[in-house]
Amino acid sequence: MSKISTESVNTTMTASLSAVKDTAIVFNPAAPTIVQEQNQADTSQPNAIKASHHKANHNQNRSVAQSSDVTTANATATMPVSAAPKIGFVSLGCPKALVDSERIITELSRDGYQVASDYEGADLVVVNTCGFIESAVQESLDAIGEAISKNGKVIVTGCLGKEADKIREMHPAVLAVTGAHAYDEVITAVAQHVPKPNRSLDANYDPKIDLINEAGIKLTPSHYAYLKISEGCNHRCTFCIIPSLRGDLDSRPIDSVMNEAMALKKAGVKELLIISQDTSAYGLDLKYKTSFWNGMPLKSKFYDLCQALNDLGIWVRLHYVYPYPHVDKVVELMGEKKLLPYLDIPFQHASHRILKAMKRPAHSENTLARIKAWREICPDIVIRSTFVVGFPGETEEDFQCLLDWLVEARLDRVGAFTYSEVEGAVANDLPDHVPEDVKQSRYERLMALQQDISAQKLQEKVGKTLMVLVDEIDSDENIAICRSYADAPEIDGHVYVDNINAQVKVGQFLTVTIDDASEYDLFASYQG
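Rules of the game
Residues numbered from 1 in each chain as written. Predicted model: local features only at pLDDT ≥ 70, side-chain atom pairs only at ≥ 80, totals over all residues. Heavy atoms only, no water. Pairing = 2+ DSSP bridges. Helix = DSSP H or I, 4+ residues; strand = E, 2+ residues; numbered from the N terminus. Axes fitted to C-alpha atoms, helices over the stretch in contact; angles between N-to-C directions. Expected span 1.5 Å × (residues − 1). Buried < 20%, exposed > 50% of the residue type's maximum accessible area, 1.4 Å probe, protein only. Contact = heavy atoms within 4.5 Å. pLDDT = per-residue confidence, 0-100. Core = buried A, V, L, I, M, F, W, Y, C linked by side-chain atoms within 4.5 Å.

A few points about the sheet that holds strand S19 (residues 465-474)
- Reading around the barrel, the 5 strands line up as S19-S20-S21-S23-S22 and close back on themselves, with mixed pairing between neighbours. Averaged over all adjacent pairs, the angle separating strand axes in this sheet is 50°, with direction ignored.
- The pairing of S19 with strand S22 (residues 509-517) spans 5 bridges and is antiparallel. Looking at S22, one finds that Leu469 is bridged to Phe509.

Here's what the structure looks like:
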């Protein structure tokens, strides 16, 4: 099995059953070639401009075994040897696709299947694809080809499933192709080619599998989990094909979201990462319908959901939030310490002309004024974002507008990527495409600027006391690799805590003192 890099959002993790003391290995043998929208060339990762990391770099070139160490350490037993068929799973793409993988694996496990740790041990392989940009499409096609070559029985699902003809033309041996979040279709296709196990004939059947609760099987370490609150998107950004892949906004009723959130808390999750395609539009399609949860009426509305999640008493981190005016009220909750003061907002650009060409929602908003207002409400707020450089028609003046905006906005975390054509995107037909060398030059200038801003902002934290969550223990170096409220997993920086004692465990909160900072990471001490 080939090496992978955790700078990609591709997932190679151990899946822990939240109510079952067993471990299933999910593998992703395809070597990544891209980094997706949420962390491409992130300033909190060292791939664009090298940052000095503490003793060992925990962000690069981790093998499949190393990637699963965190979750393997949380498991108390391994799956019993059984006659049950095993399904391999290759999961590509963003956290939203990861949640789709989790749901499919949960349903397969409920049906009695096990999850294989490699191609050779699998009776069939499911490849969950990404189709966000052309390099993602190519990576997905390569992963399908590798799965066919090494196993032979392959089912394809995910965003690229919309291009079934393209997949079958390149890989005619695939058994079935389904689209994104087509859970039932995947389960049906698996059962058609690898019949469900007969539990009455399986002497090693473990009845605890029936106890999988609403939290399901998670592909993240047991102390944090992604919670998807809606699917699809009502916007028609010219560079994006997500609506054609995943449809219009389709929100989950708030009682369903809260039931899963509560189940995750009961399973030991300390941090919920709220994701969707447009988090701040949550419930719009439901007309903010009222449901009952825990005997209380709740509206399926962004603000009401944030209030209810706060009552769980765990970290709640918001991703994919658009800067609509009603977000101000949610920032007030952050100022009252009822939510993590962290917003992931895909601004994408600062030039109003380019934002209009992109057809971005709220493109005419004065985002600098809104950021300033948020900081007045909640001085500790951390804002992360992503930006596209080299969009068709972007002039040097437009790009300079973006640089000037970044200087004034002083965002905490920034990722960027150069514009690339996506089959089916409206922006492909726009005039005045930017030459590749100009795109790359602008990308490097933006990243260098943001690196300086990041370094300055992190220096301001030196000497302060922070609460951090332990993600990993490096026993050789006697270091805890942690995250503060300012750091989302995989895409942001770390807090490296020196000279920890044996009592420090993964998933534990520590109060630490910040001693030093680099461009992207903090270094701290812990007194115990």
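Having seen the model, we can carry on.
Focus on helix H7 (residues 254-266)
- Here H7 spans 18 Å end to end across 13 residues, near enough to the 18 Å set by a 1.5 Å rise per residue.
- Among the residues of H7, those classed as buried are Ile254, Val257, Met258, Glu260, Ala261, Ala263 and Leu264.
- Those residues of H7 that are buried lie in contact with strand S8 (217-218), strand S9 (224-228), strand S12 (271-275), strand S13 (290-293), strand S14 (296-299) and helix H8 (302-310).
- In the stretch just after H7, Gly268 is the one whose phi turns positive, near 105°.

Considering the side chain of Ser230
- Looking at the secondary structure, you find Ser230 in strand S10 (residues 230-231).
- Beyond its immediate sequence surroundings of up to four residues, Ser230 is in contact with Leu249, Asp250, Ser251, Arg252, Ile275, Ser276 and Gln277.

Some details on the sheet that holds strand S4 (residues 114-115)
- As summarised here, the arrangement of the 5 strands in space is S4-S3-S5-S6-S7, forming an open sheet in which the pairing is parallel. Taken across any chain shown, the strands that pair with only one partner, and hence form the sheet edges, are S4 and strand S7 (176-177).
- The strands that helix H2 (residues 95-110) touches are strand S3 (86-91), S4, strand S5 (124-129) and strand S6 (154-158); relative to S3, the one it contacts most, it runs at about 175°.
- Sheet contacts for helix H3 (residues 134-150): S3, S5 and S6; angle to S5, the most-contacted strand, approximately 175°.

Let's talk about the confidence of the model for the chain
- Taken over all residues, the pLDDT of the chain has a mean of 81, while the share at 70 or more is 80%.
- Throughout residues 1-25 the model reports pLDDT below 50, and contacts reaching past four residues in sequence, or to other chains, amount to 121 contacts.
- A low-confidence stretch, residues 28-82 (pLDDT under 50), is modelled with 184 contacts involving residues beyond four sequence positions or located in other chains.

Observations regarding the nonpolar core
- With 57 residues, the main nonpolar core has Leu272, Leu309, Leu318, Leu343, Leu411 and Leu446 as its most contacted residues.
- Setting aside anything within four residues of it in sequence, one finds Leu411 in contact with Phe347, Ile371, Arg375, Ile383, Ser385, Phe387, Trp405, Leu406, Gln450, Ile453 and Lys457.
- If you look at the next biggest cluster of nonpolar residues, it comprises 52 residues, including Tyr224, Trp315, Val468 and Val470.

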